[in-house]
Structure formats: structure tokens, C-alpha cells
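Here is what each chain is made of, one letter per residue.
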Amino acid sequence: MTLKQTIEQTQQAFRDEPKAALATVKTRSELTDRFRSEVSIRKHELVIDEPTSLGGTDSGPNPIEMVLAALGSCQEITYRAFATAMGVPLTKIAARVEGDIDFRGFFGVDDSVRAGYQRVRIVLDIESTASEEQLAQLKQAVDAHCPVLDMLENNVPVETALNR
């Protein structure tokens, strides 16, 4: 089955049965050494850690880097999916994502400084024979439907709990 057929089949299945589109995504992680966190996502294992300059062992990217990586890869996937669905030729899509952060917020040095990113920039390198109008329509569709971009641009209710 082609990617286009998979997308169309999935879209139709969700139109026919909207409840089938509902999912709960789960991860598990455990801090094992200093700031090293071992993460399980489905059948995948990865390590998240802080650089040595921030007290970690630098055995993996840190959580805020993972957010940028998630955003960049989600943009790429969403571009591929919508280009395929819209018939927009796309031979390459690559993302460069940067975020500006003031670590005084995380370290509690200044409570007026937010702990997370103050600004994030995405630059997408694209190769396509599509017209500028087609690319503008594609960008509009991606910006409206990229899940990670949506989560970063809009408030997501988060509940935290301690379990003993």
C-alpha cells in the first residue's frame, strides 16, 4: 500500500468512526544516575540526560532539546503527510529548530523568568517542483495540523500527581 493510500484509508476510517481516532499516548521513564533518565516509548528505549555543564553525564540529549527535535520531526512528518494527500510534489523536507532559553528560570535564580523557552524558530529546507501557491497552501495545512506545533502554541491541560 502506498503512503497516499494509507493516509486516505486512515482518513476515511476516522470519518466513518470518529471514536477510532481517539488514543492515549504513553511513555515511561526513570532517573537512574545524576540527571540520566531512561525512557521507554512503545518498543523504543532512549536516554535523556543533561550536559556535563548542567550536572549531567551527557549520555543523551536533554528534555528541552527533545522538545525541539519532536517539533522538527513532527513538522517533517506533517509536511510529508499533507504533501502526499494534497498531491504536492516534495522530494526533501528537513527542519532546523532553535529555541532561546534563560536558565535563571529553571535554576530558580529569578522567578520572573519563565523556566521554558522564550522563543522558538523553525526553518524548513524544502525541495519541490510545486508552485509558490501550492507551497503556501501546504504550509497553511501543516501549521494548522502539526500536533507538536499545536501543543507548543496552545495551552494543554496538564495534571501532575505524586504516587508513593
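The shown structure was predicted, so the numbers you read here are calculated from the model rather than taken from an experiment.

### Description of the nonpolar core
Thinking step 1. Of all hydrophobic cores here, the largest spans 14 residues; its most connected members are Tyr79, Val88 and Leu138.
Thinking step 2. Among the elements of the structure, α2 (63-86), α3 (132-145) and α4 (147-153) are those that each provide at least two residues to this core.
Thinking step 3. Once you skip the residues sitting within four places of it in the chain, Val88 turns out to touch Ala83, Ser128, Ala130, Gln134, Leu135 and Leu138.

### Topic: a nonpolar patch on the surface
Thinking step 1. Together, Phe103, Phe106, Phe107 and Val109 make up an exposed nonpolar region whose accessible area comes to about 430 Å².
Thinking step 2. Take Val109: it is sitting in the loop between β4 (92-101) and β5 (117-127).

### Looking at the environment of Val120
Thinking step 1. Within the fold, Val120 resides in strand β5.
Thinking step 2. In this structure, the C-alpha to C-alpha distance between Val120 and His145, residues 25 residues apart in sequence, is 18 Å.
Thinking step 3. For Val120, the residues in contact, after removing those within four places along its chain, are Leu68, Leu71, Val97, Glu98 and Gly99.

### Brief notes about the packing of aromatic side chains
Any pair of aromatic rings gets described here by the distance separating the centres and the angle formed by the planes.
Thinking step 1. As enumerated under the stated definition, the model contains one aromatic pair in all.
Thinking step 2. An angle of 80° between the planes, with centres 4.9 Å apart, marks the rings of Phe106 and Phe107 as edge-to-face.

### Quick notes on the layout of surface pockets
Thinking step 1. By volume, the largest pocket amounts to about 600 Å³.
Thinking step 2. Within the residue set of the lining of the largest pocket, elements represented by two or more residues are α2, β5 and α4.
Thinking step 3. Residues belonging to the lining of the largest pocket are distributed by class as follows: 16 nonpolar, three polar and four charged.

### Some details on the pairing of strand β3 (residues 44-48)
Thinking step 1. In terms of strand pairing, strand β2 (residues 36-41) meets β3 through five bridges, oriented antiparallel. In the strand pairing of β3, Ser37 is matched with Ile48.
Thinking step 2. The loop that links β2 with its antiparallel partner β3 comprises two residues; one of these, Arg42, has a positive phi angle of about 50°.

### Some thoughts on the environment of Asp102
Thinking step 1. Tracing the backbone shows Asp102 in the loop between β4 and β5.
Thinking step 2. For the pair Asp102 and Gly116, spaced 14 residues apart in the sequence, the C-alpha separation amounts to 7.8 Å.
Thinking step 3. Setting aside residues up to four positions removed in sequence, Asp102 forms contacts with Val113, Arg114 and Gln118.

### Remarks on the side chain of Thr78
Thinking step 1. Looking at the secondary structure, you find Thr78 in helix α2.
Thinking step 2. In this structure, Thr78 is in contact with Val142, His145, Cys146 and Pro147, ignoring residues within four places of it in sequence.

### Points about the packing of α2 against α3
Thinking step 1. Running from amino to carboxyl end, α2 crosses α3 at an angle of 125°, the nearest separation of the two axes being 9 Å. Comparing their axes, α3 and α2 come out oblique. Every pair of crossing elements has a handedness; the one defined by α2 and α3 is right-handed. Contacts from Gln75, Thr78, Tyr79, Phe82, Ala83 and Met86 of α2 reach α3 at Gln137, Leu138, Lys139, Ala141, Val142, Asp143 and His145.

Quick notes on the rules
Residues numbered from 1 in each chain as written. Predicted model: local features only at pLDDT ≥ 70, side-chain atom pairs only at ≥ 80, totals over all residues. Heavy atoms only, no water. Core = buried A, V, L, I, M, F, W, Y, C linked by side-chain atoms within 4.5 Å. Buried < 20%, exposed > 50% of the residue type's maximum accessible area, 1.4 Å probe, protein only. Helix = DSSP H or I, 4+ residues; strand = E, 2+ residues; numbered from the N terminus. Contact = heavy atoms within 4.5 Å. Patch = residues over 30% accessible without salt bridge, like charges linked within 9 Å, V, L, I, M, F, W, Y side chains within 5 Å. Areas by Shrake-Rupley, 256 points an atom, 1.4 Å probe, with all protein chains shown as cover. Salt bridge = Lys/Arg side-chain N within 4 Å of Asp/Glu carboxyl O. Phe/Tyr/Trp six-rings, centres within 6.5 Å; stacked < 30°, edge-to-face > 60°. 1 Å grid on protein atoms, 1.4 Å probe; cavity = no way out; pocket = protein on both sides within 12 Å on 5 of 7 lines; lining within 4 Å. Points joined across faces, edges and corners; volume = space filled by probe spheres on them. Nonpolar A, V, L, I, M, F, W, Y, C, P; charged D, E, K, R; others polar. Pairing = 2+ DSSP bridges. Axes fitted to C-alpha atoms, helices over the stretch in contact; angles between N-to-C directions. Parallel < 35°, antiparallel > 145°, perpendicular 65-115°, else oblique. Left-handed = near helix turned anticlockwise from the far one by under 90°.

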